[in-house]
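One letter stands for each residue in the lines below.
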Amino acid sequence: MRIIVVLGGNALLQRGEPMTPSAQQKNVRIAAVALADLARDHQIVVAHGNGPQVGLMALQSAAYAPDDLWPLDVLGAQPEGMIGYLLEQELMNALPEGIECATLLTRVEVDPLDPAFDQPTKPIGPVYTSEQGKQAHAAHRWSMVAEAAGGMRRVVPSPVPVAILGLAPIRLLVEAGVCVICAGGGRISVVRDSDGTMTGVEAVIDKDRTAALLAQALNADILLMLTDVEAVYRNWNTPAQARIDDITPQALDIMTFAAGSMGPKVAAASEFVRAGGRMAGIGRLQDARAIVEKHRGTRIMAQGVS
């Protein structure tokens, strides 16, 4: 089967871990082993998040030139290349002989009139103390949101992806049997101007919604979203909390999930299955094979599919 695998930023850098090269390499190595195991029996295409990493890039940019910050589309390209390189190297060390890897920077088009630009919801970067968060807001005019566990975090617009640019070379490589790492990071967000030219914008496009679009374009069988939680839960963080194993998009429609975390995953899963995908899975990185084989995680399938 052809599987689009999406690695969440927190699957690549565990919550609370320092954003250091050694921590990043350790987690990428763990991810590569899990992905290589899948690649022995299936064709995989890898996308990934970069919430913690792009936040670090933004902090570095602000420290160097606080009055002339680099835009998010450029900052997004940096960790996309960095994480892509680390994944490619560790995958080539772990993949069965004969499978090649390639990393592609990927621009994604969004609608400049998307209402998300008026309501930032996507968390990026580290968790600040309340005082640090206020200072960051005052210094950079960043939108900040309170974290459930305490502290504050920067949030940015997360518009719906309209089109993946450069899809033709991605498809050529996939059809040639190459393990492609693409559509990574927060995506390089661009809008189309009236004359047809593309311009970068201040946004982080959700990786899962982009991966669903990519999965449809590549006629994938499975969309597999891997993070640091074992499954999707209804009534999360309430006394009625309950794990979801198998469910349809229709049943998910009547539930509510957090906009900045599980909400986009559920929306992407439903979108992919409704478009004809065999299954979408959500769960932990270490459970990747078990999710595909329907033993772990949450599996979203059309009615009557087993």
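Our structure is the block above this text.
Read on for a plain summary of the structure. Everything quoted here is computed from the prediction, not taken from an experiment.

## Here we look at the side chain of Lys-122
In step 1: Relative to the helices and strands, Lys-122 is located in strand β5 (residues 122–128).
In step 2: Reaching out from Lys-122, the side chain makes a polar contact with the side chain of Asp-206 at a distance of 3.3 Å.

## Examining the sheet that holds strand β10 (residues 188–192)
Backbone hydrogen bonds are what pair the strands of a sheet, in a parallel or an antiparallel way.
In step 1: Taken in spatial order, the four strands make up an open sheet running β8-β4-β10-β11, and their pairing is mixed. Strands with a single pairing partner mark the edges of an open sheet, and in this sheet they are β8 (161–164) and β11 (198–200). The sheet shows a mean angle of 40° between the axes of neighbouring strands, taken without regard to direction.
In step 2: Two elements, strand β4 (residues 107–110) and β10, share three bridges in a ladder whose sense is parallel. Residue pairing across strands places Arg-107 opposite Ile-188, the latter belonging to β10.
In step 3: The strands touched by helix α7 (residues 207–217) within the sheet are β4 and β8, with β8 carrying the most contacts at an inclination of about 45°.

## Digging into the pattern of salt bridges
A side chain of one charge can pair with a side chain of the opposite charge if their charged atoms are brought near each other.
In step 1: Overall, the coordinates contain 17 salt bridges when judged by the stated rule.
In step 2: Arg-296 serves as the salt-bridge partner of Asp-287, at 3.1 Å between the closest nitrogen and oxygen.
In step 3: On the accessibility criterion, Arg-296 (38% relative accessible area) is partly exposed.
In step 4: Through salt bridges with shared partners, a single ionic network connects Asp-37, Asp-41, Arg-289 and Glu-293.

## Focus on the sheet that holds strand β6 (residues 143–146)
In step 1: The strand order β5-β7-β6 describes an open sheet built from three strands, whose pairing is antiparallel. Each having just a single partner strand, β5 and β6 make up the two edges of the open sheet. Strand-to-strand twist in this sheet, taken as the mean axis angle between neighbours without regard to direction, amounts to 35°.
In step 2: Bridge count between β6 and strand β7 (residues 152–156): four bridges; the pairing is antiparallel. Across the sheet, Ala-146 pairs through a bridge with Met-152, a residue of β7.

About the thresholds
- Residues numbered from 1 in each chain as written.
- Predicted model: local features only at pLDDT ≥ 70, side-chain atom pairs only at ≥ 80, totals over all residues.
- Heavy atoms only, no water.
- Helix = DSSP H or I, 4+ residues; strand = E, 2+ residues; numbered from the N terminus.
- Polar contact = N/O pair within 3.5 Å; in protein donor to acceptor, adjacent residues only side chain to side chain.
- Pairing = 2+ DSSP bridges.
- Axes fitted to C-alpha atoms, helices over the stretch in contact; angles between N-to-C directions.
- Contact = heavy atoms within 4.5 Å.
- Salt bridge = Lys/Arg side-chain N within 4 Å of Asp/Glu carboxyl O.
- Buried < 20%, exposed > 50% of the residue type's maximum accessible area, 1.4 Å probe, protein only.

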